[in-house]
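# Structure at a glance
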Amino acid sequence: MTAGSGVLLVLLSLSGSLRAHTEDLTSRQTCKAGFSEADYTALISQNILEGEKLLKVTFSSCLGTRGTQYETNSADFKVGADGTVFAARELQIPSEQVAFTVTAWDRQTAERWDAVVRLLVAQTMPPHSGHEIRSDKDNDIPIRYSITGVGADQPPMEVFSIDSMSGRMYVTRPMDREQRASYHLRAHAVDMNGNKVENPIDLYIYVIDMNDNRPEFLNQVYNGSVDEGSKPGTYVMTVTANDADDSTTANGMVRYRIVTQTPQSPSQNMFTINSETGDIVTVAAGLDREKVQQYTVIVQATDMEGNLNYGLSNTATAIITVTDVNDNPPEFTTSTFAGEVPENRVETVVANLTVTDRDQPHSPNWKAVYHIISGDPSRHFSIRTDPVTNEGLVTVVKAVDYELNRAFMLTVLVSNQAPLASGTQMSFQSTAGVTISVMDVNEAPYFPSDHKLIRLEEGVPAGTVLTTFSAVDPDRFMQQAVRYSKLSDPANWLRINTTNGQVTTAAVLDRESVYTKNNVYEATFLAADNGIPPASGTGTLQIYLIDINDNAPELLPKEAQVCEKPSSNAINITAADADVDPNVGPYVFELPFVPSTARKNWTVARLNGDYAQLSLRILYLEAGVYDVPIIVTDSGNPPLSNMSIIKVKVCPCDENGDCTTIGAVAAAGLGTGAIVAILLCIVILLTMVLLFVVWMKRREKERHTKQLLIDPEDDVRDNILKYDEEGGGEEDQDYDLSQLQQPETMDHVLSKGPGVRRVDERPVGAEPQYPVRPVVPHPGDIGDFINEGLRAADNDPTAPPYDSLLVFDYEGSGSTAGSVSSLSSSSSGDQDYDFLNDWGPRFKKLADMYGGGEDE
């Protein structure tokens, strides 16, 4: 099969032309030198002007494109430095396509890369006209032509059609390149029987782009910033606009320009924009945040390479904020400041230092930092910055003494938290003098040694002079007297002279007292002056008490237990002494001679300096509790002795040497008869508990098995019977009471036509006979009585319909009883209700209300 003018078919639609194009062959790889495609294809017209741009090739080099040059093997076409292919002269292309090679070479490395460029000549035809496809065998046999593929028999359907007899193809509807840029169809030729005459051929149809899309900015508002004082050429921001048209043609080539700048200070052209990349940079000097903090720039993007006559445009807003730099150092508002502070006061603000700074408030460029450069060698003061006002707060951090320094002359330097910007000229550093006066106040007396320690033996007699504990008054320029007193003396052992501070004993000091901790007794004294106002200080006197042997040892344990026969379970005894070494052990344990039974029945054997063993001397001792006296002597100088009693329980033991239970009881002083009596009582108590449990279970069982005399449903004892509900009163219900009265005449009833009657009136005529309930009915007859009444009511033709007002009876006329609604709680003075007092307690409330009874 052959096409009339070639295999490639180009068609024009209602909305644009078609251009042949091929899909990309390769994709660009990161940091791999070479062209983005090995074969570039573009659709051109048959007549080309000199310098007309045809397409753009893309070359990537890891070292950048600055050293890359392009050349072609055709004298009719050239390549620009940016890769744009254009006509070197005015041309008229005679053939359907032109192919040539573009070469990129690196001047430094001499490497070369090639790519093929194919320019396809578009043949124009009137809209809807077709291009004929015919087979060479069409002259011999009738042939039917058809096309398949996307745009024919695949979605989008029927964009193209073909005359099956002539082979002419048509475009059936407008096409949009931005939706689909190319179509791939296959043409088929078969005979009248459907047999394939020739192999299918491929048809590539490309939609020629038209400039029908405006550039669209990614954002309508762009925000950028630039430091004040920036040099010309400083990068600010980048704006980007995309055009949906073909980027390889002028329809999709966008160029940028700045339309307006607000404000136009200090120059109307403070910024410029790169027409191709959209980069905004400064073009003039003089950016000053203190004068202009923000610029608003309107940027326009135009396709057709920025041609305002033919291109489509769009605009966006670029807001450029001038950021602050530290180009204004802080300056003191005055050269001198003054303040005063009482002595011994800390964390007190004594002066506020004020400065001015024209940089952005509350930024590091504005925040002040204060330094004391002279006048405070001992560092009594520091200056912190108020975060809101930026003032310097001179604060006392170390107490000052009026007796040492009556005034301070400080020199303070101020700077910013951030360093000054480079190039900022600072002729001087702002300093100020601060004069601080110290005020004298009455200071409290103080003890040179706050914790004074003295050592002496315990037991010294009352009235002994211990030490002189005196205080010093720091107020050298005030004539004041100091008086002493006790502030804390837990045991009340001491007294102090009020004028000179001499401390003497008021009682005997005891090291073993509960008021002594670790051999030390503490007392606190107060020294107060007579200044205005008075001031006082405290001091602690610590007395270390040296131990003397004034406590006899005590025997331990106080109670013990042994077997009635000699065995290995002897009693280990020791002693406790309140004194300390050397007035404690080793101890001497011995039995006294009186009573004689002590040495007769018992013996003491020494184990070591602190322990001994008490055991039976005789072969058998009757069970019981025995008081055994033992004399304990310590090793003090002189030694002290003490006779202590240990209670020993002697009891029968088992084969393991442990006291038996009966033996322990016997040892406690109970005889055999007493033990038997106790056991018997326990048995009797358990028996009584068991009998009570059995009786309770039997009673519970009888209660469950007992038959009821009557049916629980018929048993009305202790039950609540619901008889009726009272309902609302007459004042709550709007009833027509006239319906309870017998009408005077029956004319209005008798005059009604048949079938018409009121359901709320008493019927005229014979009434049915309802059953009469017996005077004393049997409970079983109540159901029969109700059922008979229901049957009679159902068969009563004069009964009103359901859901109607049922007339039970009529009050009649002339009734002497008035309406209950006429009763009133009001009373007049003519009516006497005193008789209610005689009616009993049930009418007591009424008697109180109406009868004049006394309120209780």
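Remember, predicted model here, so these are calculated numbers, not experimental data. Along each chain, numbering runs from 1 in the same order as the chain's sequence is written. Given that this is a predicted model, residues contribute local features only at a pLDDT of at least 70 and side-chain atom pairs are listed and counted only at 80 or more, while totals for whole chains, interfaces and linings are drawn from all residues. To obtain the side-chain values, all non-hydrogen atoms of the structure were included, while hydrogens and water were left out.

## A short note on the state of the cysteines
What makes a disulfide is a covalent bond joining the sulfur atoms belonging to two cysteines. Note the cut-off: For this text, the term disulfide refers to a pair of cysteine sulfurs within 2.5 Å. In this text, helices come from DSSP runs of H or I with a minimum length of four residues, and strands from runs of E with a minimum of two, each type numbered from the N-terminal end. In this scheme, a residue with accessible area under 20% of its type's maximum is buried, one over 50% is exposed, and one in between is partly exposed, where area comes from a 1.4 Å probe on protein chains only.
Within the structure shown, the criterion is met by two disulfides. In this model C563 forms its disulfide with C653; the gap between the sulfur atoms is 1.8 Å. In this structure the cystine formed by C563 and C653 twists about its S-S bond by roughly -105 degrees; its chirality is therefore left-handed. A residue pair is termed long-range when its members are at least 10 positions apart, and C563 in strand β45 (residues 559–563) and C653 in the loop between β51 (641–651) and α2 (661–667) qualify at 90 residues. Judged by relative accessible area, C563 falls into the buried class, the value being 5%. Given a relative accessible area of 26%, C653 falls into the partly exposed group. Across the protein, the disulfide pattern expressed with sequentially numbered bonded cysteines is 1-3, 2-4.

## Thoughts on the sheet that holds strand β9 (residues 84–87)
Using the following cut-off: Only strands that DSSP links by at least two bridges are regarded as paired with each other. Helix axes are fitted to C-alpha atoms over the stretch in contact, other axes to C-alpha atoms as well, and angles between N-to-C directions run from 0 to 180 degrees.
Taking strand neighbours across the sheet as the criterion, the three strands line up as β5-β9-β8 in an open arrangement whose pairing is antiparallel. With partners counted over all chains shown, the strands left at the sheet margins are β5 (53–56) and β8 (77–79), one partner each. On average, adjacent strands in this sheet sit at an angle of 25 degrees to one another, irrespective of strand direction. Pairing analysis gives three bridges linking β8 to β9, with the strands arranged antiparallel. When the sheet's bridge partners are listed, F77 is paired in β9 with A87.

## Considering the sheet that holds strand β41 (residues 502–505)
Ordered by their spatial adjacency, three strands build an open sheet running β38-β41-β40, and the pairing between neighbours is antiparallel. Among the strands making up the open sheet, the edge pair consists of β38 (465–468) and β40 (494–496). Direction aside, the axes of adjacent strands within the sheet are offset by 20 degrees on average. Direction of pairing for β38 relative to β41: antiparallel, over a ladder of three bridges. Counterpart to T468 in the pairing with β41 is Q502.

## Observations regarding the confidence of the model for the protein
Worth spelling out the cut-off: A residue's pLDDT is the confidence the predictor assigns to it, expressed on a 0 to 100 scale. Whether two residues touch is decided by their heavy atoms; if any such pair falls within 4.5 Å, the residues are in contact.
When pLDDT is averaged along the protein, the result is 79; 78% of the residues meet or exceed 70. Across residues 1–30 the pLDDT falls below 50, and counting only partners more than four positions away or on other chains, this stretch makes 91 contacts in the model. Below a pLDDT of 50 lies the segment residues 124–129, which in the model reaches 16 contacts outside its immediate sequence neighbourhood of four places, other chains included.

## Some remarks on unusual backbone geometry
Along the chain, T262 connects to P263 via a cis peptide bond; the corresponding omega equals -5 degrees. Residue position: P263 is located in the loop between β23 (255–262) and β24 (271–273). Of note, N390 is a non-glycine position whose phi angle comes to about 70 degrees, a positive value. Mapped onto the elements, N390 comes out in the loop between β33 (381–385) and β34 (392–396). Backbone geometry at N518 places phi at a positive 55 degrees, although glycine is not the residue there. Mapped onto the secondary structure, N518 falls in the loop between β41 and β42 (520–529). N518 gets classed as exposed once you look at its relative accessible area, which sits at 72%.

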